[in-house]
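Descriptive analysis of the structure
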Amino acid sequence: MRHLLVVAHGSRREASNEEVRQLAAALAPRARGRFDAVSCAFLEIAGPSIPEGIEAAVLAGAAEVVVLPYFLSAGRHVAEDIPREVDAKRLEHPQVSIQVTPYLGLASGVSDMVLDLADAR
C-alpha cells in the first residue's frame, strides 16, 4: 500500500488546521491509482504529529509512505525538522519505504498560481 502524508506546520488557529485536513480529504479520490490513502500531519501545535501520521500509515499497512512538505520555502522546518522526524520513523520501520518529496514551493505550477491569485479581483 502506498500512502501520501501531507505535512503542514500546524496552527493555533484550528480553522487553518482544518483546511489542511480538508485538502487531504479532497486529494484522496484524486490520488486513486497513485496512492491508496492520503492523510495529513503537522510539525507542531496540531495533531496528528508527523510521527503519529507515519505510524498510522504503517499500522494501516503502508509499504511506502510519501511525506509531502506543504510549505512554500525551504526554511529550517523543511531542511531540518521534517527530515529529522522522518529519519527517526525510518529507524523504527526499516521494512517501510518512507520518503520525503520536495516541498510544495518547488512545484513548477506555483509561480503561475501566485500570478493567478494576484490577478483575481
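See the structure printed just above.
Quick caveat: nothing in here was measured; it's all calculated off a predicted structure.

1. Observations concerning the overall build of the chain
When helices and strands are tallied, the chain shows four helices and four strands. The secondary structure elements of the chain, listed N-terminal to C-terminal, are β-α-β-α-β-α-β-α. In terms of overall size, the chain behaves like a compact globule, its C-alpha atoms giving a radius of gyration of 15 Å where 121 residues would be expected to give roughly 14 Å. Each principal axis of the C-alpha atoms in the chain carries an extent, and together these give about 50 × 30 × 25 Å.

2. What to know about the pattern of salt bridges
Under the defined criterion, the tally for this structure stands at eight salt bridges. Of the charged contacts in the structure, one is a salt bridge between Arg84 and Asp81, with a shortest N-O distance of 2.9 Å. Of this pair, Arg84 and Asp81 both sit in helix α3 (residues 76-92), three residues apart, roughly one helical turn.

3. Section: the sheet that holds strand β4 (residues 97-100)
The sheet built from four strands is open, its strands ordered β2-β1-β3-β4 with parallel pairing. The open sheet has two edge strands, β2 (37-42) and β4, and neither has a second partner. Each adjacent strand pair in this sheet contributes to an overall mean axis angle of 20°, direction not counted. Relative to β4, strand β3 (residues 64-69) is paired through four bridges, and the arrangement is parallel. Each bridged residue has a counterpart across the sheet, and for Val65 the counterpart in β4 is Ile98. Against the sheet, helix α2 (residues 50-59) makes contact with β1 (2-8), β2, β3 and β4, and its axis sits at roughly 165° relative to β1, the strand it touches most.

4. Describing α3
Between the first and last C-alpha of α3 there are 24 Å, a value that for 17 residues agrees with the 24 Å anticipated at 1.5 Å per step. Three or more residues of α3 are buried, namely His77, Val78, Asp81, Ile82, Val86 and Lys89. On its buried face, α3 is in contact with β1, α2, β3 and β4.

5. A look at the environment of Glu64
Structurally, Glu64 can be placed in strand β3. Residue classification places Glu64 among the partly exposed residues on the basis of a relative accessible area of 24%. Linking Glu64 and Arg84, residues 20 residues apart in sequence, is a C-alpha distance of 18 Å. Leaving out residues up to four positions away in the same chain, Glu64 has contacts with Met1, Arg2, His3, Val96 and Ser97. Polar side-chain contacts of Glu64 include one of 3.1 Å to the side chain of Arg2.

Calculation rules
- Residues numbered from 1 in each chain as written.
- Predicted model: local features only at pLDDT ≥ 70, side-chain atom pairs only at ≥ 80, totals over all residues.
- Heavy atoms only, no water.
- Helix = DSSP H or I, 4+ residues; strand = E, 2+ residues; numbered from the N terminus.
- Rg over C-alpha atoms; globule rule 2.2 N^0.38 Å.
- Salt bridge = Lys/Arg side-chain N within 4 Å of Asp/Glu carboxyl O.
- Pairing = 2+ DSSP bridges.
- Axes fitted to C-alpha atoms, helices over the stretch in contact; angles between N-to-C directions.
- Contact = heavy atoms within 4.5 Å.
- Expected span 1.5 Å × (residues − 1).
- Buried < 20%, exposed > 50% of the residue type's maximum accessible area, 1.4 Å probe, protein only.
- Polar contact = N/O pair within 3.5 Å; in protein donor to acceptor, adjacent residues only side chain to side chain.

Remember that the coordinates give geometry; whether it matters functionally is a separate question.
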